Amino acid sequence: MPYFDTASAAPLHPVARQALQAALDEGWADPARLYREGRRARLLLDAAREAAAEAVGCRPDELVFTPSGTHAVHTGVAGALAGRRRVGGHLVVSAVEHSSVLHAAQAHEAAGGTVTQIPVDRAGAVSPAGYASVLDGATALACLQSANHEVGTVQPVADVAEVCAAAGVPLLVDAAQSLGWGPVEGGWSVLTASAHKWGGPAGVGLLAVRKGVRFSPQFPADERESGRSPGFVNLPAIVAAAASLRAVRAEADAEAARLRTLVDRIRRRVARLVPDVEVVGDPERRLPHLVTFSCLYVDGETLLHELDRAGYSVSSGSSCTSSTLTPSHVLRAMGVLSEGNVRVSLPSGTTAQEVNGFLEVLPGVVAGVRATLGVGEPVAVAPVSDALEIDALGLRCPQPVIELARVITAVPVGGTVTVLSDDEVARLDIPAWCTMRGHAYLGEAPRPVGVAYTVRRQV
(Lines give C-alpha, C1' and ligand atoms only; values in the text may rest on other atoms or scores of the structure.)
Protein backbone atom coordinates (compact mmCIF):
# COMPACT_ATOMS: atom_id res chain seq x y z
CA MET A 1 0.00 0.00 0.00
CA PRO A 2 1.80 3.19 -1.13
CA TYR A 3 2.31 5.72 1.65
CA PHE A 4 2.18 9.26 0.23
CA ASP A 5 2.20 11.44 3.37
CA THR A 6 5.80 12.13 4.33
CA ALA A 7 4.92 15.80 4.94
CA SER A 8 3.23 14.49 8.09
CA ALA A 9 5.83 11.89 9.01
CA ALA A 10 8.47 10.09 6.95
CA PRO A 11 9.04 6.36 7.39
CA LEU A 12 11.98 5.57 9.63
CA HIS A 13 15.16 5.64 7.55
CA PRO A 14 17.20 2.39 7.63
CA VAL A 15 20.20 4.32 8.94
CA ALA A 16 18.05 5.71 11.76
CA ARG A 17 16.95 2.20 12.69
CA GLN A 18 20.53 0.95 12.81
CA ALA A 19 21.76 3.95 14.80
CA LEU A 20 18.86 3.70 17.22
CA GLN A 21 19.61 0.07 17.99
CA ALA A 22 23.31 0.76 18.49
CA ALA A 23 22.64 3.76 20.72
CA LEU A 24 20.21 1.78 22.86
CA ASP A 25 23.12 -0.50 23.71
CA GLU A 26 25.78 2.20 24.14
CA GLY A 27 23.96 5.44 24.95
CA TRP A 28 21.67 4.68 27.88
CA ALA A 29 23.79 6.36 30.58
CA ASP A 30 23.73 10.00 31.72
CA PRO A 31 26.05 11.99 29.41
CA ALA A 32 26.67 14.48 32.24
CA ARG A 33 28.47 11.86 34.36
CA LEU A 34 32.21 11.24 34.39
CA TYR A 35 32.31 7.45 34.65
CA ARG A 36 32.94 5.40 31.50
CA GLU A 37 29.28 4.77 30.64
CA GLY A 38 28.60 8.49 30.95
CA ARG A 39 31.64 9.34 28.85
CA ARG A 40 30.49 6.97 26.10
CA ALA A 41 27.07 8.59 26.14
CA ARG A 42 28.66 12.04 26.03
CA LEU A 43 30.74 11.10 22.99
CA LEU A 44 27.58 9.94 21.20
CA LEU A 45 25.74 13.14 22.10
CA ASP A 46 28.63 15.35 20.97
CA ALA A 47 28.95 13.47 17.68
CA ALA A 48 25.21 13.78 17.05
CA ARG A 49 25.30 17.50 17.79
CA GLU A 50 28.23 18.04 15.41
CA ALA A 51 26.49 16.10 12.63
CA ALA A 52 23.23 18.01 13.09
CA ALA A 53 25.01 21.37 13.28
CA GLU A 54 26.89 20.62 10.06
CA ALA A 55 23.58 19.87 8.32
CA VAL A 56 21.96 23.02 9.70
CA GLY A 57 24.96 25.21 8.94
CA CYS A 58 25.70 26.44 12.46
CA ARG A 59 28.20 25.87 15.25
CA PRO A 60 27.64 22.82 17.49
CA ASP A 61 27.38 25.07 20.56
CA GLU A 62 24.54 26.97 18.85
CA LEU A 63 22.34 23.87 18.54
CA VAL A 64 20.32 21.99 21.15
CA PHE A 65 17.99 19.01 20.95
CA THR A 66 14.38 19.30 22.10
CA PRO A 67 11.58 16.77 22.69
CA SER A 68 9.83 17.69 19.40
CA GLY A 69 9.73 20.20 16.57
CA THR A 70 6.76 21.92 18.17
CA HIS A 71 8.68 22.21 21.45
CA ALA A 72 11.57 23.75 19.50
CA VAL A 73 9.25 26.32 17.90
CA HIS A 74 7.57 27.28 21.16
CA THR A 75 10.91 27.50 22.96
CA GLY A 76 12.47 29.48 20.13
CA VAL A 77 9.65 31.99 19.80
CA ALA A 78 9.24 32.53 23.54
CA GLY A 79 12.99 32.74 24.20
CA ALA A 80 13.67 35.19 21.37
CA LEU A 81 10.74 37.42 22.36
CA ALA A 82 11.80 37.43 26.01
CA GLY A 83 15.40 38.18 25.07
CA ARG A 84 14.27 41.32 23.27
CA ARG A 85 11.45 42.40 25.56
CA ARG A 86 13.11 45.79 26.09
CA VAL A 87 12.83 46.45 22.35
CA GLY A 88 9.09 45.84 22.31
CA GLY A 89 6.40 43.20 22.04
CA HIS A 90 5.73 43.17 18.29
CA LEU A 91 5.87 39.75 16.58
CA VAL A 92 5.65 39.29 12.79
CA VAL A 93 4.63 35.96 11.21
CA SER A 94 3.46 34.85 7.79
CA ALA A 95 -0.18 33.89 7.35
CA VAL A 96 0.78 30.35 6.30
CA GLU A 97 3.06 29.35 9.18
CA HIS A 98 2.72 25.95 10.79
CA SER A 99 0.15 25.87 13.57
CA SER A 100 2.94 25.61 16.18
CA VAL A 101 4.14 29.10 15.21
CA LEU A 102 0.62 30.51 15.09
CA HIS A 103 -0.19 29.01 18.49
CA ALA A 104 2.95 30.62 19.92
CA ALA A 105 1.83 33.92 18.37
CA GLN A 106 -1.61 33.55 19.96
CA ALA A 107 -0.03 32.96 23.36
CA HIS A 108 2.15 36.04 22.90
CA GLU A 109 -0.88 38.13 21.96
CA ALA A 110 -2.86 36.81 24.93
CA ALA A 111 0.01 37.93 27.19
CA GLY A 112 -0.23 41.49 25.88
CA GLY A 113 2.01 41.41 22.81
CA THR A 114 1.05 42.40 19.29
CA VAL A 115 1.15 40.19 16.20
CA THR A 116 1.16 41.11 12.51
CA GLN A 117 0.47 38.48 9.85
CA ILE A 118 2.09 38.90 6.44
CA PRO A 119 -0.22 37.88 3.58
CA VAL A 120 0.79 35.55 0.77
CA ASP A 121 0.04 35.46 -2.94
CA ARG A 122 -2.09 32.81 -4.63
CA ALA A 123 0.96 30.50 -4.82
CA GLY A 124 1.45 30.75 -1.05
CA ALA A 125 4.61 32.89 -1.08
CA VAL A 126 5.31 35.96 1.02
CA SER A 127 6.89 39.14 -0.30
CA PRO A 128 10.05 40.48 1.38
CA ALA A 129 8.49 43.93 0.93
CA GLY A 130 5.58 42.74 3.06
CA TYR A 131 7.97 42.15 5.95
CA ALA A 132 9.82 45.41 5.33
CA SER A 133 6.57 47.37 5.53
CA VAL A 134 5.69 46.22 9.07
CA LEU A 135 9.06 45.96 10.84
CA ASP A 136 9.57 48.85 13.24
CA GLY A 137 11.46 49.85 16.35
CA ALA A 138 9.17 47.75 18.55
CA THR A 139 9.49 44.52 16.53
CA ALA A 140 11.12 41.87 18.68
CA LEU A 141 11.00 38.90 16.29
CA ALA A 142 9.95 37.84 12.78
CA CYS A 143 9.09 34.28 11.78
CA LEU A 144 9.03 32.61 8.37
CA GLN A 145 8.89 28.95 7.40
CA SER A 146 11.43 27.75 4.85
CA ALA A 147 8.80 25.84 2.87
CA ASN A 148 5.09 25.36 3.35
CA HIS A 149 3.90 22.10 4.86
CA GLU A 150 0.58 21.98 2.97
CA VAL A 151 1.38 23.14 -0.57
CA GLY A 152 5.18 22.88 -0.76
CA THR A 153 5.92 26.49 -1.73
CA VAL A 154 9.51 27.49 -0.87
CA GLN A 155 9.69 30.90 0.77
CA PRO A 156 12.26 33.64 -0.02
CA VAL A 157 14.01 33.21 3.33
CA ALA A 158 17.32 34.76 2.30
CA ASP A 159 15.63 37.92 1.02
CA VAL A 160 13.45 38.23 4.11
CA ALA A 161 16.52 37.67 6.31
CA GLU A 162 18.22 40.62 4.60
CA VAL A 163 15.19 42.81 5.26
CA CYS A 164 15.13 41.74 8.91
CA ALA A 165 18.87 42.27 9.35
CA ALA A 166 18.56 45.79 7.94
CA ALA A 167 15.87 46.51 10.53
CA GLY A 168 17.85 44.87 13.35
CA VAL A 169 15.19 42.18 13.87
CA PRO A 170 16.09 38.48 14.34
CA LEU A 171 14.41 35.98 12.01
CA LEU A 172 13.20 32.59 13.24
CA VAL A 173 12.90 29.98 10.48
CA ASP A 174 10.79 26.84 10.83
CA ALA A 175 12.74 24.45 8.60
CA ALA A 176 10.81 21.28 9.46
CA GLN A 177 9.75 20.52 5.88
CA SER A 178 12.94 21.47 4.07
CA LEU A 179 15.94 20.59 6.24
CA GLY A 180 16.20 17.06 4.88
CA TRP A 181 16.62 18.49 1.37
CA GLY A 182 19.33 21.01 2.21
CA PRO A 183 20.44 23.84 4.50
CA VAL A 184 18.39 27.02 4.80
CA GLU A 185 20.07 29.84 2.92
CA GLY A 186 20.38 33.35 4.28
CA GLY A 187 21.18 35.06 7.54
CA TRP A 188 18.58 33.54 9.82
CA SER A 189 18.91 34.02 13.59
CA VAL A 190 16.95 31.09 15.03
CA LEU A 191 16.08 27.81 13.32
CA THR A 192 13.84 24.90 14.29
CA ALA A 193 13.26 21.45 12.77
CA SER A 194 11.74 18.07 13.53
CA ALA A 195 13.42 14.69 12.99
CA HIS A 196 10.35 12.69 11.98
CA LYS A 197 10.02 14.85 8.86
CA TRP A 198 13.27 13.45 7.37
CA GLY A 199 13.04 9.83 8.52
CA GLY A 200 14.38 10.16 12.04
CA PRO A 201 12.42 8.96 15.07
CA ALA A 202 9.57 11.03 16.43
CA GLY A 203 10.25 12.99 19.59
CA VAL A 204 13.41 14.84 18.52
CA GLY A 205 13.50 18.50 17.55
CA LEU A 206 16.34 20.87 16.73
CA LEU A 207 16.71 24.43 18.00
CA ALA A 208 19.61 26.53 16.71
CA VAL A 209 20.24 30.03 18.07
CA ARG A 210 23.04 32.03 16.48
CA LYS A 211 25.67 33.60 18.69
CA GLY A 212 24.80 37.20 19.44
CA VAL A 213 21.03 36.68 19.34
CA ARG A 214 19.45 37.76 22.61
CA PHE A 215 17.67 34.70 23.98
CA SER A 216 16.07 34.07 27.37
CA PRO A 217 14.56 30.58 27.99
CA GLN A 218 11.14 30.82 29.60
CA PHE A 219 11.22 27.94 32.06
CA PRO A 220 13.17 27.12 35.23
CA ALA A 221 16.94 26.98 34.69
CA ASP A 222 18.37 23.59 33.78
CA GLU A 223 21.97 22.53 33.32
CA ARG A 224 21.26 20.42 30.23
CA GLU A 225 21.25 21.52 26.58
CA SER A 226 22.67 24.96 27.38
CA GLY A 227 19.66 25.64 29.58
CA ARG A 228 17.38 25.83 26.52
CA SER A 229 15.73 22.41 26.67
CA PRO A 230 15.39 21.02 30.18
CA GLY A 231 15.34 17.38 31.14
CA PHE A 232 17.23 14.18 30.39
CA VAL A 233 17.85 13.84 26.65
CA ASN A 234 16.55 10.88 24.66
CA LEU A 235 20.04 10.03 23.49
CA PRO A 236 19.26 6.97 21.31
CA ALA A 237 16.62 8.93 19.41
CA ILE A 238 18.96 11.92 19.06
CA VAL A 239 21.73 9.72 17.66
CA ALA A 240 19.28 8.16 15.19
CA ALA A 241 17.95 11.59 14.18
CA ALA A 242 21.42 12.97 13.45
CA ALA A 243 22.51 9.83 11.59
CA SER A 244 19.41 9.82 9.40
CA LEU A 245 19.76 13.55 8.66
CA ARG A 246 23.30 12.97 7.42
CA ALA A 247 22.11 9.98 5.36
CA VAL A 248 19.18 11.75 3.68
CA ARG A 249 21.37 14.74 2.91
CA ALA A 250 23.83 12.45 1.11
CA GLU A 251 20.95 11.18 -1.04
CA ALA A 252 19.07 14.48 -1.33
CA ASP A 253 20.22 15.82 -4.69
CA ALA A 254 19.66 12.62 -6.62
CA GLU A 255 16.39 11.79 -4.85
CA ALA A 256 15.06 15.33 -5.26
CA ALA A 257 15.64 15.19 -9.03
CA ARG A 258 13.90 11.81 -9.26
CA LEU A 259 10.91 12.74 -7.12
CA ARG A 260 10.51 16.12 -8.82
CA THR A 261 9.98 14.28 -12.10
CA LEU A 262 7.26 12.14 -10.51
CA VAL A 263 5.59 15.15 -8.91
CA ASP A 264 5.69 17.02 -12.23
CA ARG A 265 3.84 14.05 -13.74
CA ILE A 266 1.15 14.28 -11.06
CA ARG A 267 0.82 18.05 -11.53
CA ARG A 268 0.36 17.69 -15.29
CA ARG A 269 -1.85 14.63 -15.39
CA VAL A 270 -4.21 15.46 -12.54
CA ALA A 271 -5.29 18.59 -14.39
CA ARG A 272 -5.90 16.51 -17.54
CA LEU A 273 -7.51 13.44 -15.98
CA VAL A 274 -9.83 15.05 -13.44
CA PRO A 275 -12.32 17.76 -14.48
CA ASP A 276 -12.62 20.88 -12.34
CA VAL A 277 -9.40 20.51 -10.37
CA GLU A 278 -6.98 23.21 -9.16
CA VAL A 279 -3.32 22.37 -8.54
CA VAL A 280 -2.11 24.78 -5.87
CA GLY A 281 1.27 26.06 -4.72
CA ASP A 282 4.17 27.49 -6.68
CA PRO A 283 4.91 25.32 -9.76
CA GLU A 284 8.65 26.08 -9.65
CA ARG A 285 9.76 27.26 -6.17
CA ARG A 286 8.53 24.21 -4.30
CA LEU A 287 9.66 21.15 -2.41
CA PRO A 288 10.55 18.32 -4.80
CA HIS A 289 8.32 15.65 -3.29
CA LEU A 290 5.05 17.45 -2.57
CA VAL A 291 1.99 18.38 -4.65
CA THR A 292 -1.44 19.56 -3.54
CA PHE A 293 -4.63 19.85 -5.57
CA SER A 294 -8.29 20.57 -4.87
CA CYS A 295 -11.30 19.07 -6.64
CA LEU A 296 -14.55 20.96 -7.09
CA TYR A 297 -17.80 19.38 -5.92
CA VAL A 298 -16.04 16.85 -3.68
CA ASP A 299 -16.22 16.18 0.06
CA GLY A 300 -12.53 16.04 1.01
CA GLU A 301 -12.97 13.67 3.92
CA THR A 302 -14.86 11.17 1.78
CA LEU A 303 -12.26 11.48 -0.97
CA LEU A 304 -9.41 10.62 1.41
CA HIS A 305 -11.33 7.63 2.76
CA GLU A 306 -11.98 6.34 -0.76
CA LEU A 307 -8.34 6.76 -1.75
CA ASP A 308 -7.37 4.87 1.40
CA ARG A 309 -9.74 2.07 0.42
CA ALA A 310 -8.07 2.03 -2.99
CA GLY A 311 -4.69 1.57 -1.28
CA TYR A 312 -3.22 5.09 -1.21
CA SER A 313 -2.40 6.95 1.99
CA VAL A 314 -2.63 10.68 1.31
CA SER A 315 -3.46 13.72 3.41
CA SER A 316 -5.38 16.95 3.05
CA GLY A 317 -4.90 20.62 3.83
CA SER A 318 -8.63 21.06 4.09
CA SER A 319 -10.59 20.89 7.33
CA CYS A 320 -13.86 20.67 5.45
CA THR A 321 -15.46 17.91 7.50
CA SER A 322 -18.59 17.46 9.51
CA SER A 323 -16.70 18.07 12.75
CA THR A 324 -14.46 20.97 11.64
CA LEU A 325 -16.23 23.45 9.40
CA THR A 326 -13.36 25.83 8.65
CA PRO A 327 -10.89 25.48 5.79
CA SER A 328 -7.14 25.21 6.26
CA HIS A 329 -5.60 28.54 7.27
CA VAL A 330 -3.01 28.04 4.53
CA LEU A 331 -5.55 27.56 1.74
CA ARG A 332 -7.63 30.41 3.13
CA ALA A 333 -4.64 32.76 3.12
CA MET A 334 -3.86 31.77 -0.47
CA GLY A 335 -7.43 32.29 -1.59
CA VAL A 336 -7.58 28.93 -3.40
CA LEU A 337 -10.17 26.18 -3.49
CA SER A 338 -10.28 24.15 -0.28
CA GLU A 339 -12.93 21.52 -1.00
CA GLY A 340 -11.74 18.11 -2.13
CA ASN A 341 -8.17 18.96 -1.14
CA VAL A 342 -5.49 16.26 -1.51
CA ARG A 343 -1.84 16.55 -0.48
CA VAL A 344 0.56 13.99 -1.94
CA SER A 345 4.06 13.91 -0.43
CA LEU A 346 6.22 11.12 -1.79
CA PRO A 347 8.70 9.23 0.39
CA SER A 348 12.20 8.39 -0.73
CA GLY A 349 12.14 5.37 -3.02
CA THR A 350 8.68 5.99 -4.50
CA THR A 351 8.49 4.36 -7.93
CA ALA A 352 6.96 5.55 -11.19
CA GLN A 353 4.71 2.48 -11.06
CA GLU A 354 3.26 3.58 -7.72
CA VAL A 355 2.60 7.10 -9.01
CA ASN A 356 1.03 5.76 -12.21
CA GLY A 357 -1.21 3.51 -10.15
CA PHE A 358 -2.39 6.50 -8.13
CA LEU A 359 -3.14 8.46 -11.30
CA GLU A 360 -5.12 5.53 -12.69
CA VAL A 361 -7.25 5.26 -9.57
CA LEU A 362 -7.83 8.96 -8.87
CA PRO A 363 -10.28 9.91 -11.68
CA GLY A 364 -12.65 7.08 -10.85
CA VAL A 365 -12.52 7.83 -7.12
CA VAL A 366 -13.29 11.52 -7.68
CA ALA A 367 -16.11 10.66 -10.10
CA GLY A 368 -17.55 8.21 -7.59
CA VAL A 369 -17.54 10.75 -4.76
CA ARG A 370 -19.16 13.35 -7.01
CA ALA A 371 -21.83 10.87 -8.03
CA THR A 372 -22.78 10.24 -4.40
CA LEU A 373 -23.33 14.00 -4.05
CA GLY A 374 -25.52 14.12 -7.13
CA VAL A 375 -23.02 15.99 -9.28
CA GLY A 376 -23.27 15.39 -13.03
CA GLU A 377 -22.67 17.29 -16.22
CA PRO A 378 -24.25 20.76 -15.96
CA VAL A 379 -27.52 21.09 -17.85
CA ALA A 380 -27.94 24.31 -19.82
CA VAL A 381 -31.29 25.95 -19.20
CA ALA A 382 -32.92 29.07 -20.52
CA PRO A 383 -32.40 32.01 -18.15
CA VAL A 384 -35.42 32.52 -15.92
CA SER A 385 -34.40 35.65 -14.02
CA ASP A 386 -31.76 38.37 -13.90
CA ALA A 387 -31.13 37.59 -10.23
CA LEU A 388 -31.61 34.44 -8.19
CA GLU A 389 -31.01 33.59 -4.55
CA ILE A 390 -30.22 30.10 -3.28
CA ASP A 391 -30.97 29.07 0.28
CA ALA A 392 -28.04 26.82 1.22
CA LEU A 393 -28.41 27.23 4.98
CA GLY A 394 -27.54 24.01 6.78
CA LEU A 395 -25.69 22.58 3.78
CA ARG A 396 -22.05 21.76 4.29
CA CYS A 397 -19.05 21.72 2.00
CA PRO A 398 -19.21 21.21 -0.94
CA GLN A 399 -23.01 21.47 -1.31
CA PRO A 400 -23.29 25.31 -1.44
CA VAL A 401 -20.92 25.38 -4.41
CA ILE A 402 -22.73 22.48 -6.06
CA GLU A 403 -26.03 24.35 -5.75
CA LEU A 404 -24.43 27.46 -7.23
CA ALA A 405 -23.09 25.50 -10.21
CA ARG A 406 -26.52 24.00 -10.86
CA VAL A 407 -28.31 27.34 -11.21
CA ILE A 408 -25.70 29.68 -12.71
CA THR A 409 -27.11 29.17 -16.23
CA ALA A 410 -30.57 30.09 -14.97
CA VAL A 411 -29.50 33.75 -15.10
CA PRO A 412 -28.29 35.49 -18.27
CA VAL A 413 -24.69 36.62 -18.73
CA GLY A 414 -24.46 39.67 -16.50
CA GLY A 415 -27.09 38.32 -14.12
CA THR A 416 -26.39 37.45 -10.49
CA VAL A 417 -26.78 34.48 -8.19
CA THR A 418 -26.68 34.96 -4.42
CA VAL A 419 -25.91 31.99 -2.21
CA LEU A 420 -27.09 32.18 1.40
CA SER A 421 -24.86 29.93 3.51
CA ASP A 422 -23.90 29.44 7.14
CA ASP A 423 -20.85 27.31 6.27
CA GLU A 424 -17.56 29.13 6.86
CA VAL A 425 -15.97 27.22 3.96
CA ALA A 426 -18.23 29.03 1.48
CA ARG A 427 -16.30 32.24 2.14
CA LEU A 428 -13.28 30.66 0.46
CA ASP A 429 -14.74 28.18 -2.00
CA ILE A 430 -17.31 30.37 -3.75
CA PRO A 431 -14.69 32.99 -4.80
CA ALA A 432 -12.34 30.15 -5.78
CA TRP A 433 -15.12 28.58 -7.88
CA CYS A 434 -15.63 31.91 -9.63
CA THR A 435 -11.93 32.10 -10.49
CA MET A 436 -11.93 28.56 -11.87
CA ARG A 437 -15.18 28.93 -13.85
CA GLY A 438 -14.67 32.45 -15.19
CA HIS A 439 -17.37 34.26 -13.21
CA ALA A 440 -17.13 37.44 -11.11
CA TYR A 441 -17.35 37.28 -7.34
CA LEU A 442 -19.09 40.44 -6.12
CA GLY A 443 -18.62 39.98 -2.38
CA GLU A 444 -20.53 39.03 0.73
CA ALA A 445 -23.08 40.58 3.02
CA PRO A 446 -24.20 39.44 6.47
CA ARG A 447 -27.79 38.28 6.93
CA PRO A 448 -29.71 37.63 10.16
CA VAL A 449 -28.83 33.98 9.59
CA GLY A 450 -25.74 33.18 7.55
CA VAL A 451 -23.94 35.21 4.93
CA ALA A 452 -25.01 36.10 1.38
CA TYR A 453 -22.35 35.54 -1.31
CA THR A 454 -23.10 37.13 -4.69
CA VAL A 455 -21.74 36.00 -8.05
CA ARG A 456 -22.17 37.61 -11.49
CA ARG A 457 -22.35 35.24 -14.46
CA GLN A 458 -19.64 36.15 -16.97
CA VAL A 459 -19.77 33.30 -19.49
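Use the structure listed above.
Conventions used here
Residues numbered from 1 in each chain as written. Predicted model: local features only at pLDDT ≥ 70, side-chain atom pairs only at ≥ 80, totals over all residues. Heavy atoms only, no water. Phe/Tyr/Trp six-rings, centres within 6.5 Å; stacked < 30°, edge-to-face > 60°. Helix = DSSP H or I, 4+ residues; strand = E, 2+ residues; numbered from the N terminus. Buried < 20%, exposed > 50% of the residue type's maximum accessible area, 1.4 Å probe, protein only. Lys NZ or Arg CZ within 6 Å of the ring centre and 35° of its normal. Contact = heavy atoms within 4.5 Å. Pairing = 2+ DSSP bridges. Salt bridge = Lys/Arg side-chain N within 4 Å of Asp/Glu carboxyl O.

**Let's talk about the packing of aromatic side chains**
Phase 1 of the analysis: Applying the stated criterion across every chain, the model contains 3 aromatic pairs.
Phase 2 of the analysis: On the numbers, 6.0 Å between centres and 40° between planes, the contact of F4 with Y312 is tilted. Remark: Y312 occurs in the loop between α8 (300-309) and α9 (329-334) and F4 occurs in the segment before α1 (14-26); sequence separation between them is 308 residues.
Phase 3 of the analysis: Overall, Y312 belongs to the buried group, its relative accessible area being 10%.
Phase 4 of the analysis: Aromatic side chains Y312 and F358 sit 5.6 Å apart centroid to centroid with 65° between the ring planes, which places their arrangement in the edge-to-face category. Of this pair, Y312 sits in the loop between α8 and α9 while F358 sits in helix α10 (residues 352-372), and the two are 46 residues apart along the sequence.
Phase 5 of the analysis: Above the plane of the ring of W188 lies R210, whose end atom (NZ or CZ) is 3.8 Å from the centre.

**Regarding the side chain of T416**
Phase 1 of the analysis: Mapped onto the elements of the fold, T416 is located in strand β12 (residues 416-421).
Phase 2 of the analysis: For T416, the residues in contact, after removing those within four places along its chain, are D386, A387, L388, V411, L442, T454, V455 and R456.

**Concerning the pairing of strand β13 (residues 440-446)**
Phase 1 of the analysis: Sheet topology places β13 next to strand β14 (residues 451-456); 6 bridges connect them, and they run antiparallel. Considered in β14, the bridge of E444 is made with Y453.
Phase 2 of the analysis: Between β13 and the antiparallel strand that follows it, β14, lie 4 residues; G450 among them carries a positive phi value of about 80°.

**Quick look at the pattern of salt bridges**
Phase 1 of the analysis: Evaluated as defined, the whole model comprises 21 salt bridges.
Phase 2 of the analysis: Note that R406 is salt-bridged to E403, the shortest N-O span being 2.8 Å. Placement of both R406 and E403 in helix α11 (residues 399-407) is noted, with a separation of 3 residues, approximately one turn of the helix.
Phase 3 of the analysis: A residue is classified by how much of its surface remains accessible, and R406, at 41% relative accessible area, is partly exposed.
Phase 4 of the analysis: One salt-bridge network, held together by shared partners, links D30, R33 and R224.

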